[in-house]
Amino acid sequence: MSEPILPAAKSSSQLNDEMLSSLRTPTWSWYALALFLGAVVAWGLYAFGYMLTTDMSCTGLNRPVMWGVYIVNFVFWIGLSHSGTMVSAILRLSRANWRRPILRAAEAMTVFTVAVGGLFPLIHLGRNWVFFYLIPYPNQRGLWPNFRSALLWDATAIFTYIIGSSLFLYLGMLPDLAVARDRSSGWRFKLYSVLAMGWRGAAREWAIFHQASTLMAALIIPVAVSVHSIVAWDFAVTVIPGWHSTIFPPYFVIGAIHSGVAAVITLMIIIRRVFHLEDYLTPLHFDNMGKLLLVIALLWSYAYFVEVQTTWYAHEPIEWEVFSFMADKYAFLLLFMIFANSVLPIVALCFKRLRRSIAVMLVVSVLINVGMFIERFLIIVPSLSHKNMPFVWGTYRPTWVELSVTAGAFAGFALMYTLFAKCFPMVAVTDVRELEAQKSVVRLSRTRLQSSAEKE
Amino acid sequence: MEKMTSQYRWGMVVDLDRCTGCGACVVACQAENNVAICGKKEISEGRNMHWLRIERFWVGKYPDVRARFLPVLCQHCQDAPCEPVCPVYASYHNPDGLNGQVYNRCVGTRYCGNNCPYAVRVFNFYNHEWPKPLDNQLSPDMTVRTRGVMEKCTFCVQRIRRAKEDAKSENRAIRDGEIQPACAQTCPTDALVFGNMADPRSRVAILSRSPRRFRLLEHLGTHPSIYYLKGGGREHV
C-alpha cells in the first residue's frame, strides 16, 4: 500500500490524545444531542406503552397482514448488525490494515443494532407480558418452547449473536481500556480499572490477546451468517407465496452485509466529522470500503434478480400474483429500492473519484439503508397481503404507533452509540498503533524481516 | 399422515351443491363459541373475528350471473402449517386429529395466522366486550378470549368433550351423528356434515368418498380434514 494509513510525524502521546478525543468532557452540543435522542426514545416508549395498555388495534395490522413494520424493523436491525462482523472479523482475518481505525465503530454498531433488533419480536407480541413463554426455563407444567418453530431458532441465534458480538467488542477493547485507565482519574479511573481487568501490556498478555482476537474473529463469522440465515428461515420455511423460497437465506445474508457495510460508512463519516479524525479516516478508507460495497451491491443485485427471475419463469399463479401486486401497488417503493440498492451504488462506486468523495459516499450509504428498509417491507407486506385465498386479500398501512416505535428505535440506537462514544475509546488505539510497531521492519539487503507484531 | 392414537378422527363434509349461502352457520358459530361481536369498523379494517366465513363469488357474465358460496372454516389439517411455527405450542395437534389452540399459552406472535393458507385464524386486535345484556348470552362451556391471542374454529371441541364423557360413562363409543358442531346443527340444507372419518361407515366418511369431493388448496399438502363436494357442469366453483 503506497498511501500511508497512519499520519506521519506524530508523537505517540499525540496519537493517543487524538484517538481518544471522544473521551474528552462532553460539550453542551453533546448534551443537547443526548437530550434530543432521549426525548425521541421517550416518545417511542410512550407509543409502545400505549399499545401495551390498550390493545393492538392501534397498529395497522389486520388479517391477512399480521406482520408489519415491527418485523420489518427486526429484519432491518439484525441486518445492520452484520457490519461489525464483516468489517472487523473478515478484514482482521484477511489482514487488511486499513480496517484498523474503523473496527471499533463497526463492532460497537453490531452490539447495539442486535440489541435494538432483538427487542422487536418482543414489541410485536400480542401479549408482550408473557414473552418469557418463549424462553426454555424449567417450569412446573413441564412445558418447553417449540424447537420446531423458526421463531425459537431466532431467539437462540440472536442471543448467541448478542453474547458473541459483545465479547468480541469487549475483547478488542481491553488494551484500549488500559490506555484510557492510565490517562484518567476519578470515577472514570475506577470504571476503566475494573473493565481493563488489570491489563499491564506484558508480552504474555499480548500473545494471548492476539490469539484470542483471531479466534473470536474466526468464530463470529459463522454465527453472523447463521443468524441472518435463521432470520430468513422465518419466511422461507412457511407456505406463504413469495416467502417460500430457497434463495432467501443467502439473499438475506447478502442484504444484511449490504446494509451493514453501508451503515459503517455512514458512521465513519459522522465520527470523522464529530471527533475530527480526518487524519485517521482518510479517503483511502472510503476508497476501500467503497470497493467492498461495490462487490456486495453486485452480489445483492444478482440475488434479487435470481429471486424474481425464477418466480417469473415458473409463473406459478399465486406467486406471480404477489409480485404483480407488489409491482402495482408499491411501484414507487420498488423502483426506489432498485435504484438505491443496486443502480446507484454500482454506477457510483465504479469511479475512484466518487469513492474518495465523502459527500458521495454519504449519499450512497444512506440511500442503501433506506433502500434496504424498503426491501424488507416489500418482502414482508405484499406476500401477506395476497395469500392463497383471494377472498381475504388485504392491505396494510402503518400507524403512528408503529412509526413512533420505529423512530424510537433509531433514536435509541443513536443514543446508545453516543453514550458509548463518550465513555469508551471510539477508535481502536491499540490496533492503529500496532502499525507503528510493524514499521520496525528489519531490512537485510533485499529481504524484509517482519517484526513480531505483524504476526497477529 | 399422522399416526392414529385415537379411534376418532374428526372431519367434515361441506356440500357446495346444497349450500345456499344463508349464513346461518356463521351466526350459530358466533353464538356457540363466544366469538366477539364485530361491527362495520372491525370488518372494514379486516379485523373481524368470524371463525367461519361464507366466501361469495360471482360466476358468469351478465345477465347469466350466479352467486357461488364457499363456507371456509379451519380445515383441521393433518399436516397443519400453523402448528410447527408456533414457538410455544399454543397451536398443537390432538390425537383426534383436531388442530387445537391453547389461548392461555398463546403469546400472540401471529406466525400461525400468517402461515395458514386458508386465512381462517383470527387475532384479537381489540379487547372485545359484550355490552349488557349480551354478556348473558355467553356460553359457559367456552372461555372468553382476551386481547392479543389467536383463535379459530375448534369443531366445537366443547361438544366433542361432552359427548366423549357421556359415551365414557355409558361405556360405549360415540355414535355417528351424536356430535354436531353448531354450524352443522344449524345448516337448514344439511350442507355441513360432521363425524368420525376413522369409521368407514360413518355418514361423513361415506360422503367424503364421493366422486364430487375435493379439498381446499390440496396442492399444498396440508391434508385438510374437511372435504368439499361440488358437482360438475357449467357452474364450477
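The structure presented is a predicted model; accordingly, all values stated were derived computationally and were not measured. Residue indices follow the written sequence of each chain, beginning from 1 at its first position. Key to labels: chains lettered from A, ligands numbered from 1, both in the order written. For this predicted model, a pLDDT threshold of at least 70 governs which residues receive local features, and a threshold of 80 or more governs which side-chain atom pairs are given and counted, while totals over whole chains, interfaces and linings are taken from all residues.

## Comments concerning the overall build of chain B
Helix numbering and strand numbering both begin at the N terminus, where a helix is a DSSP run of H or I of at least 4 residues and a strand a DSSP run of E of at least 2. Looking only at helices and strands, chain B has 7 helices and 10 strands in total. The C-alpha atoms of chain B give 18 Å as radius of gyration, which agrees with the globular expectation for 237 residues (18 Å, within 12%). For chain B, the C-alpha atoms occupy an extent of roughly 50 × 45 × 35 Å along the three principal directions. Relative to its full complement of 237 residues, chain B shows a buried share of 42%. Residue pairs are scored as contacts if the distance between their C-beta atoms, which are placed from the backbone, is within 7 Å. For chain B, the proportion of contacts with a sequence separation of at least 24, taken over those separated by at least 6, is 63%. The globule rule used here is 2.2 Å times the number of residues to the 0.38 power, and the radius of gyration it is set against is calculated over C-alpha atoms. Any residue surrounded by 20 or more other C-beta atoms within 10 Å of its C-beta is treated as buried, while 12 or fewer makes it exposed and the intermediate range makes it partly exposed; C-beta atoms here are placed from the backbone.

## Here we look at the overall build of chain A
On a plain count of helices and strands, chain A comes out with 16 helices and 2 strands. Over its C-alpha atoms, taken along the principal directions, chain A stretches across nearly 80 × 50 × 45 Å. In chain A, which comprises 456 residues, the share counted as buried stands at 45%. Sequence separation of 24 or more characterises 80% of the internal contacts of chain A that already satisfy a separation of 6 or more.

## Quick look at the packing of helix α2 (residues 28-53) of chain A against helix α15 (residues 400-423) of chain A
Residues and elements named next belong to chain A. Orientation of α2 relative to α15, taken along the N-to-C sense of each, is 145°, at an axis distance of 7 Å. In the crossing of α2 with α15, the sense of the turn from one axis to the other is left-handed. Gly falls in the polar group here, along with every residue not listed as nonpolar (Ala, Val, Leu, Ile, Met, Phe, Trp, Tyr, Cys, Pro) or charged (Asp, Glu, Lys, Arg). Each residue belonging to the contact of α2 with α15 can be placed in one class, and the counts come to 19 nonpolar, 6 polar and 1 charged. Lines fitted to C-alpha atoms define the axes here, with helix axes fitted over just the stretch in contact, and angles between the N-to-C directions of these axes take values from 0 to 180 degrees. Throughout, a crossing is termed right-handed when the near helix is turned clockwise from the far one, and left-handed when it is turned anticlockwise from it by less than a right angle.

## Things to note about the sheet that holds strand β9 (residues 213-214) of chain B
At least two DSSP bridges between two strands are required for those strands to pair. Read from one edge of the open sheet, 4 strands run β8-β1-β10-β9 (chain B), paired in mixed fashion. Strand pairing shows two members of the sheet lacking a second neighbour, β8 (192-196) and β9 of chain B, which therefore form its edges.

## Remarks on unusual backbone geometry
Residues and elements named next belong to chain A. Omega for the peptide link from Arg63 to Pro64 comes to 15°, which places this bond in the cis form. The backbone of Met197 sits at a positive phi, close to 50°, despite the residue not being glycine. Looking at where Met197 falls in the secondary structure, it is placed in the loop between α7 (186-196) and α8 (203-236). A tally of 10 C-beta atoms within 10 Å means that Met197 is categorised as exposed.

## Re the environment of Asn115(B)
As for its position among the elements, Asn115(B) is in helix α4 (residues 111-115). What makes Asn115(B) buried here is the crowd of 25 C-beta atoms within 10 Å. Between the C-alpha atom of Asn115(B) and that of Val85(B), which follows or precedes it by 30 residues, the distance is 7.9 Å. Residue contacts for Asn115(B): discarding those within four places in its chain leaves Thr238(A), Val239(A), Ile240(A), Pro81(B), Cys82(B) and Val85(B).

## A few points about the pairing of β8(B)
All names here are of chain B. Counting buried positions along β8 yields 5 of 5 residues, so the element is predominantly enclosed. Where strand β1 (residues 10-15) and β8 come together, 5 bridges link them in antiparallel fashion. Residue pairing for β8: Met12 is matched across the bridge by Phe194.

## Points about the interface of chain B and chain A
Contacts between the two partners involve 33 residues from chain B, matched on the other side by 34 residues from chain A. Of all the elements in the fold, those that place two or more residues in the side of chain B that touches chain A are α3 (82-85), α4 and β6 (122-123) of chain B. With 4 residues, the top contributor of residues to the side of chain B that touches chain A is α4(B). In terms of residue class, the side of chain B that touches chain A is made up of 19 nonpolar, 8 polar and 6 charged.

## Digging into the packing of helix α4 (residues 82-93) of chain A against helix α9 (residues 248-274) of chain A
All names here are of chain A. Where α4 contacts α9, the two axes come as close as 7 Å, and the packing angle between them is 75°. Comparing their axes, α9 and α4 come out roughly perpendicular. From α4, His82, Ser83, Met86 and Val87 reach across to α9, where they touch Ala256, Ile257, Gly260, Val261, Ala263 and Val264. An angle counts as roughly parallel when it lies under 35 degrees, as roughly antiparallel when it exceeds 145, as roughly perpendicular when it falls between 65 and 115, and as oblique in every other case.

## Side note on helix α5 (residues 157-169) of chain B
Taking 1.5 Å of rise per residue, 13 residues should cover 18 Å, and α5(B) covers 18 Å from first to last C-alpha, within 8% of that figure. Positive backbone phi, approximately 55°, marks Asn171(B), located one or two places after α5(B). A helix is expected to reach a length of 1.5 Å times the quantity of its residues less one.

## Some thoughts on the pairing of strand β10 (residues 226-229) of chain B
Residues and elements named next belong to chain B. The alternating pattern of β10 places Ile226 and Tyr228 on one face and Tyr227 and Leu229 on the opposite face, and all of these are buried. With 4 bridges connecting them, β1 and β10 associate as parallel partners. What sits directly across from Val14, in β10, is Tyr228.

## A look at the confidence of the model for chain B
pLDDT is a residue-level measure of predictor confidence that goes from 0 to 100. Overall, the predicted model of chain B reaches an average pLDDT of 91, with 96% of residues at or above 70. Among the prediction metrics, the complex's ipTM stands at 0.90, with pTM recorded as 0.91.

## Let's talk about the environment of Gln137(B)
Of note, Gln137(B) is situated in the loop between β6 and β7 (150-151). A residue is classified by how many C-beta atoms lie within 10 Å of it, and Gln137(B), with 10 of them, is exposed.

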